[in-house]
Structures are given as structure tokens and as C-alpha cells.
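# Notes for the structure review
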Amino acid sequence: MALRVYNTLSGEKEIFVPLIPDKVGMYVCGVTVYDYCHIGHARAGVVFDIIFRYLKYSGYDVTYVRNYTDIDDKIINRANQEGTDYRTIADRYIQAFDEDMALLGLAKPTVEPKATDHISGIVSIIEALVAKGHAYASEGDVYFAVETFPDYLKLSGRNLEEMQAGARVEVGDRKRHPMDFALWKGSKPGEPWWQSPWGNGRPGWHIECSAMSMEFLGKTFDIHGGGKDLVFPHHENEIAQSEGANGCQFVRYWLHNGFVNINAEKMSKSLGNFFTIREVLKKYDPETLRFFILSAHYRSPIDFSDHNLDEAQSALERIYSCLAALDDILNGKPHSAEIAVIENLSQVGQELQEKVDQFIPRFVDAMDDDFNATQALGVLFETVRSTNRFMAETKEITPLSLSLIAHVRHLFVEAGTVLGLFTTTPAVWLEGIKAAKVGQIDLTPDEIEQLITERTEARAARNFKRGDEIRDLLMAKGIQLFDSAQGTTWDVK
RNA sequence: GGCGCGUUAUCCAAGAGGCUAGGAGCCGGUCUGCAAAACCGUUAACGUCGGUUCGAAUCCGACACGCGCCUCCA
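A brief structural summary.

Criteria and cut-off values
- Residues numbered from 1 in each chain as written.
- Chains lettered and ligands numbered in written order.
- Predicted model: local features only at pLDDT ≥ 70, side-chain atom pairs only at ≥ 80, totals over all residues.
- Heavy atoms only, no water.
- Helix = DSSP H or I, 4+ residues; strand = E, 2+ residues; numbered from the N terminus.
- Contact = heavy atoms within 4.5 Å.
- Areas by Shrake-Rupley, 256 points an atom, 1.4 Å probe, with all protein chains shown as cover.
- Lys, Arg positive; Asp, Glu negative; His and termini not counted.
- Charge placed at Lys NZ, Arg CZ, Asp CG, Glu CD.
- Axes fitted to C-alpha atoms, helices over the stretch in contact; angles between N-to-C directions.
- Parallel < 35°, antiparallel > 145°, perpendicular 65-115°, else oblique.
- Left-handed = near helix turned anticlockwise from the far one by under 90°.
- Nonpolar A, V, L, I, M, F, W, Y, C, P; charged D, E, K, R; others polar.
- Near = heavy atom within 4 Å.
- Polar contact = N/O pair within 3.5 Å; in protein donor to acceptor, adjacent residues only side chain to side chain.

### Focus: the overall build of chain A
Within chain A, the regular secondary structure consists of 16 helices and 15 strands. For chain A, the spread of C-alpha atoms along the principal axes amounts to about 90 × 55 × 40 Å. Summarising the internal contacts of chain A: among those between residues at least 6 apart in sequence, 76% fall at separations of at least 24. By element, 50% of the accessible surface of chain A is carried by carbon and sulfur atoms, the whole surface being about 22,700 Å². Side chains of chain A give 51 positive and 71 negative charges; the mean places of these two sets differ by 2 Å.

Okay, structure coming up:
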């Protein structure tokens, strides 16, 4: 099965055929750097990270461009508030963005251009648009004339008349048509500016993406991504600018990720119901957040809540626990990942062998179907169950069972490179989760160990009453004990 | 007002005409001094009303409810 992607332009899943065989050009709208990123940005980042990773995994040579919008009204406002210049603000939040995305384990895009480094490209496109009659200068501004571009609104499936009926359109007296949008804004006193044929000013928001994508990917390229809220007006305007200037198709496949909701409502600054990535990572592990994002299809809305994050963590712990158990078995033992004789396996072993054989085909099928990571995770969990069953049954480790286990371990690494998971040594990851939980409990690990020692002594003396008291006391504080032949260990519930 | 999306068991969530999704949980069992963890088994669903079909969560229509975009937004 070939890769199929949902294209906003057609409203359907289409078979993905790149412009140039084996190569993919992909542009994703980054952020306007005027504040810390919230979970919505994390989702967009992770979604397109997975798409990037999967395309590479599928053998494509991918050029992935993700921009920084480092000049904009919001950045200027912020700079004025703080009594500093726009560059200081932009650089501060570019650094913060990079830190956040690195924590979330995002692979670096091929290029991360800044709008202010592409002013000359922006000016060239505007000049071409003016020359072709798609744009006009007006009192130091330059506007795109939407009525000159018949395909306008083809992405969002609207039409100009209906849009105006909706009314909330500002009629500026500098514009010929109320829907015309700014390509270039004449600078007001005190604002940063660049020279242009229309006087000193700065670019409008939409034009920078047209300029940077053309610079690195050419006039026509394969994939353009972003959040659903960018469909109109941002992406619609990009199409108008690029196709108006170049006279050819701009983007072949438009991909849009769904929102992060809080209580079924969109997370947004105006509602005040947003969480920054930094806040969330104080409480949850980055892979937990990533797993949470992967637990719903990328186009669906996803509801952000402590309960859902907790569930994501439990689910991820299930996989990591299995991997840690595998590592325990494999540790220090020589093994080959080649399976020799299947007939020697028990029924449980044969079932696992089947899961192992089907693993990559099923994983690829899921991801080929519009990057259905949620379904792909189902494949991992089924394999976890089979693996647990096999380990529970296997008393004696033979070279054959060892190689089967090694094979399973390798498959999780392979899936992990696509999903951006399992980058940490399982035992270390589990320890980290435990430590984070301990931090929320009013007992130190030393105190817990002391109580466990006391309980072990009581139990050795067959004083189970005292032993159970200690266990109940710890349980009340959220500490679970595990008795085994090797002794007692503990974890935080 | 225009355009679009969604409604799957206790919760989260895939699936898109006939094939056990998955996770968390509930309830049994193995194990254990008793537990826990782990494992095994089990349970349960497709918003409502019609239609198409041998067969519908899946296709079509109506309705209800929820949400998004139309303004800067990922």
C-alpha cells in the first residue's frame, strides 16, 4: 500500500506522489516569536515531526523547511511594552522555541529560516505581483487585490460574497476591496523598517512564507503544513501570492493538524485557557506529552487534561516496562536477531513470532494511511502483550528465545525512530517517572527504605500484622510495595 | 448568517459495507502469609429516526447535541 494523505485542497485522502521521485519538499508554518509556546504549538510540532520522520523512514530525501516569523505587530508590541527592540524579543523566543522543541524530541528541520533574512525575496515577489496587476501600492502600503485572483478561497471552500455577508471585515480606506490583504506595510515612527520601492516598511505576515518556501523549495513543492486555523486566511493568501506571482501551482498537498482543546473548547490566548509547554513539562515527561499527542489522529481535536495525560503515562509505562524486562533478559547475553527454527517454539512463542513478522507491515500500513500513528500504537501494544506472555512462560532462556526477544527489542527501536519514542533507556525512563512521582509525596526515598526494612524484619518474624500496617501506611501515601523472591521493591502509584 | 467537522462501551481512542483495534478501568483466575505488580480469562459500543443493501458504526437523508473557521492564532 502506498502512502495516502488527506489533502485539505481536495478534502480527500490522495495517493502521495512527489513532484520529483524519491524527493519531498515540505514547508510548515512555524511560530511568531513573541511569547513562550503552548501545547497547541507542541502538537503542530510533534505532528509534522512524525510526518517528517515517516517520510524519511519511507526512503524519501526530505527537505523540511520550518520558519520563524520574527517581525510582526505582536513582536513590536511586546518590545514596546518591555522598552526594548523587536530583535531582542524575537531572539529570546526563538531560543525558547528551540529549547522546547528539543525537549519534545523534534528532529531538526533541514532549514529554519527567519523572515527578516528574506526581505529581498519578499520584495521581489511583491514587485512581480504589482507588475502583473495582482497588487497595488496605496499610501506606502501594498495590498493584494483578491478580485484579480479567481482561485482565491479555493482551499477553504468559500466565496467572497459569503465572506462579506459574514460582516466582520474591516473596510480600510486604503484598500480597494475589503478582503484585500497587506503584502507590505509602511512603517510608522519608531517601528523597524526595511527599504522598498514603496518606501520604508516591513512585510505583511502572509508574504514571508511564500518567499521562504520559494527560496528553499522552488515555485511548486509537495507538502505544506500547519494548524487548521491557518487555512484561512494565511494559507489562502499564500496561494494567492505564490500562484499569482509564479503562474503555476504552489503546493500539491495541504496538511492541517487539529487543535488542542480544554474541556472541548479550543485552547487559545483570548480564552485564557492555555498551558505553555514549559508548564506541562514540569509535571509530565516529554515522551508522555508526545505519546498523548499521538494518541489521537492528527486531524482530530484532542482534549488536554491531567486525566488524559495520566492515561498516556500509564500506557507508555506499559511499553517501557516491557522493554525494561526485555533489556534485563538481553543484558550481557550474546544473541542474534536471526530466528532459526520456528518449530521449536511453543504456541505462545509462535504467536509472538507471528506478531514480530507482521509488525513492520502493519506499522507501515497504519502510517501509510494518512499517518495514523494511533493505529500504529495499537500494533505496538499487541506486540507488548504477546511479548509479556512469552516472557512469563519462558523459564529457561534458550538461544532461540533470546533471538526472538532481541528481535522484538529491535522492532521497538525501529518504530521509535519514526514515532520519536523510546529514546531513553527503559530502566532510566521508568526511574525518572518514579522520581517525579516521589517528588509529590511527603516521604523521602530514605524514609521509605527504612520502613521497608522494618517491614521485612517484621515479616521475617512472621509479624504480618505489623508488616501490613506499614504496607497500608505507605499505600495511603501512594507507595506500592512489590514482594518478590529477590526482596521488596516499591513504586509510586 | 455562510462554510466545515464530530457524536464508538465506564473513560480515552482506532476502524469507514461482512474480518478480536488498542489503552485505562470493572469483575473472575494464576501467583502471594495476605496483597501489589505481572500474566491469563471475561465484559461491553457504535447520538436519534428513516432509507439503500443479502448484510450498515461504516453509504444516503432528516433531526438532535457538541465543536471549529469566517479577526491574530498551531
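### Here we look at the packing of helix α11 (residues 347-368) against helix α13 (residues 399-419)
Two elements in contact, α11 and α13, have axes whose closest approach is 10 Å; the angle formed by their N-to-C orientations is 15 degrees. With respect to each other, α11 and α13 are oriented roughly parallel. In this structure, the crossing between α11 and α13 has a hand that is left-handed. Here Gly349, Leu352, Gln353, Val356, Phe359, Ile360, Phe363 and Met367 of α11 come into contact with α13, specifically with Leu404, His407, Val408, Leu411, Phe412, Glu414, Ala415, Val418 and Leu419. In terms of residue class, the contact of α11 with α13 is built from 13 nonpolar, three polar and one charged.

### Re the protein's contact with RNA strand B
Taken together, the neighbourhood of RNA strand B is formed by 54 residues, with Trp205, Gly227, Leu230, Asn372 and Asn388 sitting nearest. A share of 62% of the atoms of RNA strand B within 4 Å of the protein falls on sugar and phosphate groups. At a separation of 2.7 Å, a base oxygen of RNA strand B approaches a polar side-chain atom of Lys74. At 3.5 Å from a sugar or linking oxygen of RNA strand B is found a main-chain nitrogen or oxygen belonging to Ser295. Looking at the surface near RNA strand B, the elements that each hand over two or more residues are α1 (39-57), α5 (160-165), β9 (221-227), α10 (306-330), α12 (373-393), α15 (445-460), α16 (464-476) and β14 (479-484). Among the elements that take part in the surface near RNA strand B, α12 stands out by supplying eight residues, more than any other. For the surface near RNA strand B, a count of residues per class yields 16 nonpolar, 22 polar and 16 charged.

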